[in-house]
Amino acid sequence: MASRATPRRQPSRKGSMADVPKDLLGEIQRLEELFTVDTAKLKAITDHFVSELAKGLSKEGGSIPMNPTWCMGYPTGHEQGTFLALDMGGTNLRVCEINLPEEVGEFDIIQSKYRMPEELKTGTGEELWGYVADCLQQFIEYHHEGENLDNLPLGFTFSYPATQEYINHGVLQRWTKGFDISGVEGEDVVPQFEAALKERGLPIKLTALINDTTGTLIASNYTDQEMRIGCIFGTGCNAAYMEHCGEVGKLAHMNLDPDQEIAINCEWGAFDNEHQVLPRTPYDVIIDKDSPRPGQQTFEKMIAGLYLGELFRLVLVDLHSKADVKIFEGQDISKLQKPYSLDASVLSDIENDPYENLQETHDAFKSHLSIECTKPELELIRRLTELIGTRSARLSACGVAAICKKKGYKTAHVGADGSVFNKYPHFKARGAQALKEILDWEKDREGKRLGRGHDPVEILPAEDGSGVGAALIAALTLKRVQEGNVVGVRNPDGMLHGVPKAKS
Ligand code: BGC
């Protein structure tokens, strides 16, 4: 592209602010103050996080739900069988069939994706379950035409906070990620889902209802036994880890073996719903106020993919409304005024713009928003994306550091998945830098980390939690039932009906 400006060589844009007029420069400084989270603040947030994790496990509870999942321990690598997995994450619906063969840590998978129609997110429970069951039916008809099937075991990844008295039970605490479907909150989702399966005569038996983070933890640990935490940094954000039953005060009445491990779905998106420690900006306040569930998911609303584009949009609209700030002067910004019109990929593209003069950003604003940006405006836009993206990564690291501190992990692998983790530029490096600041890692004179030559706690790409993880948890559950360990399983005999006995 001959007419293009020269690609930048340096990642830093220092110096490029030389021509930025005073009003915009002042705003950039103000935004830097609002969105920057320094080391001391990261540490304060992490400390508060540690105590909130413990509070969530206690009988009294706290704002982080810390949901016991009845997934009791890590896989051995010897799990076997064929399982269906259904993933209802937010954007897409995915159906998989997973085969866990004899070989340790191996798996085969076939899968189909279906789009979640936007209108379902604000419809009724009946419409939702009908659609989900239709997708399962299509999958079965396509892959098993004419076969005589019975009670195929299913791991259902339902990535919303649910109270589980059993692994095949789950009362939706509240919708998150912008969902607002009537008739489901406060209800056990399993019978609703099963009724839709029954109506269609589908040969499927729900074995385990799981969270995407629990699936991520288990799938990642299946292939790397150093994996201790499963995280999702995507449309929403959350983590799961293994806890000893003895630490879970709210399960004390069940007299479980205190050394038995149980996966806890933290639901850490709800961290600091009391607004004690997170440095919320006026823009975070607006996001919360205008969301379907104000007061909920304070942490998630500052860092997750669903909200990054909206934060960016709100800042730009605010700047445009200020009489003393000259930005997009005399231009029609009506497209930018539409709530949730920009998603996180817009910020990714801006941070990835390789041109010194931010040509791609200029062109994107022109084509998508009909706004012609000046060079100084582009500089502000770029800085703003860096600030929002960096804050997201640094705050995310606080959650990971808090679990490590709570568990006393000096070293660990953390399996992470989700669009922000996988696609947002520099998210991994920024998160690693923040972990280093929070956990005070020392370096030797050559700059190597003491002890291992790499970061003691590393956040790494996870295995497929809602596919392989869901299948593994279903396999672990069936095996447990066969062995007569039916704690946290509703109607255990019914679960095994028609299922060939797993090899031990
Ligand atoms: C949900 C969690 C989920 C996370 C990531 C949050 O909004 O409450 O259950 O794990 O998103 O998908």
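Residues numbered from 1 in each chain as written. Predicted model: local features only at pLDDT ≥ 70, side-chain atom pairs only at ≥ 80, totals over all residues. Heavy atoms only, no water.

As recorded in an unreviewed UniProt entry, the protein chain goes by the name Phosphotransferase, listed as coming from Neohortaea acidophila. UniProt, in its Sequence similarities (unreviewed entry) section for the protein chain, records the words "Belongs to the hexokinase family." (UniProt positions renumbered as here; feature names shortened; annotations may be inferred.)

S.K.: How should I be thinking about the site of the ligand in this particular structure?
M.R.: Close contacts around the ligand come from 15 residues, with Thr176, Asn211, Asp212, Glu267 and Glu300 the closest. Note that an oxygen atom of the ligand is positioned 3.0 Å from one of the side-chain N or O atoms of Asn238. Interatomic distance of 2.8 Å between a side-chain N/O atom of Glu300 and an oxygen atom of the ligand. Bound to the protein, the ligand loses 98% of the 310 Å² it would expose on its own. The cavity that encloses the ligand is the largest cavity. Looking at the shell around the ligand, the elements that each hand over two or more residues are helix H5 (212-223) and strand E10 (237-244). In terms of residue class, the shell around the ligand is made up of 4 nonpolar, 7 polar and 4 charged. (Near = heavy atom within 4 Å. Polar contact = N/O pair within 3.5 Å; in protein donor to acceptor, adjacent residues only side chain to side chain. Areas by Shrake-Rupley, 256 points an atom, 1.4 Å probe, with all protein chains shown as cover. 1 Å grid on protein atoms, 1.4 Å probe; cavity = no way out; pocket = protein on both sides within 12 Å on 5 of 7 lines; lining within 4 Å. Sits in = over half its atoms within 2 Å of the grid points. Helix = DSSP H or I, 4+ residues; strand = E, 2+ residues; numbered from the N terminus. Nonpolar A, V, L, I, M, F, W, Y, C, P; charged D, E, K, R; others polar.)

S.K.: I tried to follow the pairing of strand E9 (residues 227-233) on my own but got confused; where do I start?
M.R.: Remember that side chains alternate between the two faces of the sheet whenever the strand is regular. Across the 7 residues of E9, 6 count as buried, placing the element largely inside the fold. Pairing geometry for E9 and strand E12 (residues 412-417), over 5 bridges, is parallel. Within E12, the residue paired with Ile229 across the bridge is Val414. In this sheet, E10 lies alongside E9 in antiparallel orientation, the contact comprising 5 bridges. Note on E10: the bridge partner recorded for Gly230 is Ala240. (Buried < 20%, exposed > 50% of the residue type's maximum accessible area, 1.4 Å probe, protein only. Pairing = 2+ DSSP bridges.)

S.K.: Any chance you could explain the layout of surface pockets here in plain terms?
M.R.: The method is simple in principle: a probe with the dimensions of a water molecule rolls over the atoms, and the space it marks as empty is what remains. Its boundaries defined by the atoms lining it, the largest pocket holds a volume of some 1,400 Å³. Lining the largest pocket are 43 residues, and of these Gly90, Thr91, Gly234, Thr235 and Ser419 sit closest to its centre. Those elements that provide at least two residues to the lining of the largest pocket are strand E3 (92-100), strand E4 (108-115), H5, helix H8 (305-321), helix H9 (344-352), helix H12 (419-423) and helix H14 (465-482). With 4 residues, H12 is the largest single contributor of residues to the lining of the largest pocket. A class-by-class count of the residues in the lining of the largest pocket yields 10 nonpolar, 20 polar and 13 charged. (Points joined across faces, edges and corners; volume = space filled by probe spheres on them.)

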